[in-house]
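# Examination of the molecular architecture
Chain by chain, the residues run as shown.
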Amino acid sequence: MTPCDAIIVGGGIVGLATARALTMVRPGMEILVLEKEQQVGQHQTGHNSGVLHSGLYYPPGSHKATLCVRGRREMLDYCDSQSIAVNVSGKLVIASRRSELDRLDQLRRNGEANGLQGLVRLGPAGISQFEPSATGLGALFVPETGVVDYGEVAVRLATTPGVEVRRSEEVVAIKPTSGSVEVATTAGHHAASVLINCAGLYSDRVARLAGLEPSIRIVPFRGEYYTLATRAAHQVRSLIYPVPDPRFPFLGVHLTRRIDGVVEVGPNAVVALGREHYRGHRPDWREGLDVLRYAGARRLARRYWRPGLAELVRSRLKPIYARSVRRLVPGIAAADLEQGGAGVRAQAVKPDGSLVDDFVFMEGPRSLHVLNAPSPAATAALAIGRTIAERATLTLGEP
Ligand SMILES: Cc1cc2nc3c(=O)[nH]c(=O)nc-3n(C[C@H](O)[C@H](O)[C@H](O)COP(=O)(O)OP(=O)(O)OC[C@H]3O[C@@H](n4cnc5c(N)ncnc54)[C@H](O)[C@@H]3O)c2cc1C
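Quick caveat: nothing in here was measured; it's all calculated off a predicted structure.

### Concerning the overall build of the chain
For the chain, the count of helices and strands is 12 helices and 20 strands. Since a compact globule built from 399 residues should have a radius of gyration of about 21 Å, the 21 Å found for the chain is in line with a globular shape. The dimensions of the chain, computed from C-alpha atoms along their principal axes, are 65 × 45 × 35 Å. Carbon and sulfur atoms form 52% of the exposed surface of the chain, whose accessible area is close to 17000 Å². Mean positive and mean negative side-chain charge positions of the chain (48 and 38 charges, respectively) differ by 7 Å.

Structure below.
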């Protein structure tokens with residue numbers, strides 16, 4: 001078997017962006033993307049809010065901050081070059097409690113430190129200029145936030161010249177040897193000079209297949225959405241967010257007018273019974289038990305059982321969910337919330353039960369692994385891809 005230059009495990013937006021970056025960093029390379037589903041972008045990439053994040057929240061200097069800001073610009077250029085629709089309509093982060101006003105100012109300083117342009121701090125009267133149906137004690141307008149369909153971006157990335165995407169091929173074994181890495185899939189065998197793991201919800205498992213022992217583990221969290229009934233959708237012009245609680249940054253109900261015009265409400269975050277446990281799918285008890293066996297997940301549950309339970313209750317009782325929405329847009333009733341889709345987040349958890357916030361990359365023999373790529377990794381995908389491609393060429397050495 002003649003090895004190709006690089007095998008990428010996972011045809012999500014991160015894997016495909018990495019494949020494209022490799023073609024740019026070293027033209028002429030042979031690149032193979034192995035995807036277990038029949039089509040690319042079927043998991044996190046195709047089940048998210050579609051928000052092109054600006055970089056407002058992330059600590060300056062973190063991978064998230066630098067790669068989100070760079071990646072957002074690259075995503076805008078890529079979509080422009082491919083005629084993929086993007087709407088940079090801006091978002092409003094609204095404080096509904098006095099205690100949130102200080103955090104709004106902190107967010108503004110944080111955003112400015114990350115290089116965001118045009119942030120506008122608003123009083124209660126200013127909110128209605130941007131979102132006439134929303135209310136609050138104050139707000140921050142973030143003009144650089146937008147929306148795009150990342151599933152569409154992934155499908156387009158899969159057509160990058162020089163990249164071969166094999167669908168319906170699940171990687172089941174990886175064996176690094178002295179000069180290459182051998183890969184067995186459900187459909188055959190391949191070999192490459194370097195393997196890049198972009199397997200999202202299964203990234204820790206694939207790293208273990210490659211002989212690594214990452215200390216973190218993926219714990220799946222399902223994010224469920226409602227959509228706003230057409231009669232109520234006019235109450236949301238673009239994106240309306242609450243001030244995030246720094247302890248649980250991915251909690252809090254958001255309202256997002258997607259690129260197709262539908263207004264989505266959510267997502268919430270409830271522990272999923274299985275890494276691909278979408279709403280309406282049967283739970284995977286084996287995977288659920290596997291999560292429970294991980295001490296980090298048990299510690300996480302002990303530490304956060306109270307907000308976790310509140311999320312679960314809110315997920316089951318629509319009137320409670322609607323109450324959180326009304327804090328931002330009072331005219332929305334429980335009857336206006338119609339069941340929408342769901343996505344499962346790959347959230348890396350440390351053995352001490354803490355959530356890993358930043359992107360995590362790890363190197364092994366002839367392999368590179370993206371072990372934690374939560375939001376805003378779709379926004380940042382092209383910049384993440386370039387970072388990994390540059391590291392991969394170091395592994396490959398001179399052409
Ligand atoms: C509910 C939700 C909302 C989000 N909202 C946003 C947002 O608004 N903006 C934003 O920037 N980010 C958002 N994110 C985060 C973003 O979607 C992800 O960070 C991003 O899609 C990660 O891409 P990925 O390629 O790493 O993972 P994935 O898209 O999950 O791709 C991994 C791929 O690997 C494949 N795979 C796994 N194991 C194997 C194997 N053994 N062999 C072959 N293939 C394998 C899978 O089938 C999958 O296609 C959100 C995520 C969720 C879940």
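### As for the site of the ligand
As a matter of local geometry, the ligand sits amid 37 residues, with E35, T45, V51, A373 and T379 nearest to it. Between the ligand and Q44 there is a distance of 3.1 Å, counted from an oxygen atom to a side-chain nitrogen or oxygen. Starting from 1000 Å² of accessible surface for the ligand in isolation, the protein chains cover 97%. In terms of residue count, helix 12 (residues 377-396) provides more of the shell around the ligand than any other element does, 3 residues in total. Of the residues that constitute the shell around the ligand, the class distribution is 17 nonpolar, 14 polar and 6 charged. When we break the shell around the ligand down by domain, the ones giving at least three residues each are domain 1 (4-45 + 151-216 + 357-396) and domain 2 (217-349).

### What to know about helix 3 (residues 99-113)
Here helix 3 is 15 residues long and its end C-alpha atoms lie 22 Å apart, about the 21 Å a rise of 1.5 Å per residue gives. Listed as buried for helix 3 are E100, L101, L104, L107, N110 and G111. In the core, the buried residues of helix 3 are packed alongside strand 5 (91-95), strand 6 (120-122) and strand 7 (138-142).

Reading the values: the criteria
- Residues numbered from 1 in each chain as written.
- Predicted model: local features only at pLDDT ≥ 70, side-chain atom pairs only at ≥ 80, totals over all residues.
- Heavy atoms only, no water.
- Helix = DSSP H or I, 4+ residues; strand = E, 2+ residues; numbered from the N terminus.
- Rg over C-alpha atoms; globule rule 2.2 N^0.38 Å.
- Areas by Shrake-Rupley, 256 points an atom, 1.4 Å probe, with all protein chains shown as cover.
- Lys, Arg positive; Asp, Glu negative; His and termini not counted.
- Charge placed at Lys NZ, Arg CZ, Asp CG, Glu CD.
- Near = heavy atom within 4 Å.
- Polar contact = N/O pair within 3.5 Å; in protein donor to acceptor, adjacent residues only side chain to side chain.
- Nonpolar A, V, L, I, M, F, W, Y, C, P; charged D, E, K, R; others polar.
- Domains from an automatic or database assignment.
- Expected span 1.5 Å × (residues − 1).
- Buried < 20%, exposed > 50% of the residue type's maximum accessible area, 1.4 Å probe, protein only.
- Contact = heavy atoms within 4.5 Å.

Such coordinate-based values are descriptive only and should not be taken to indicate function.
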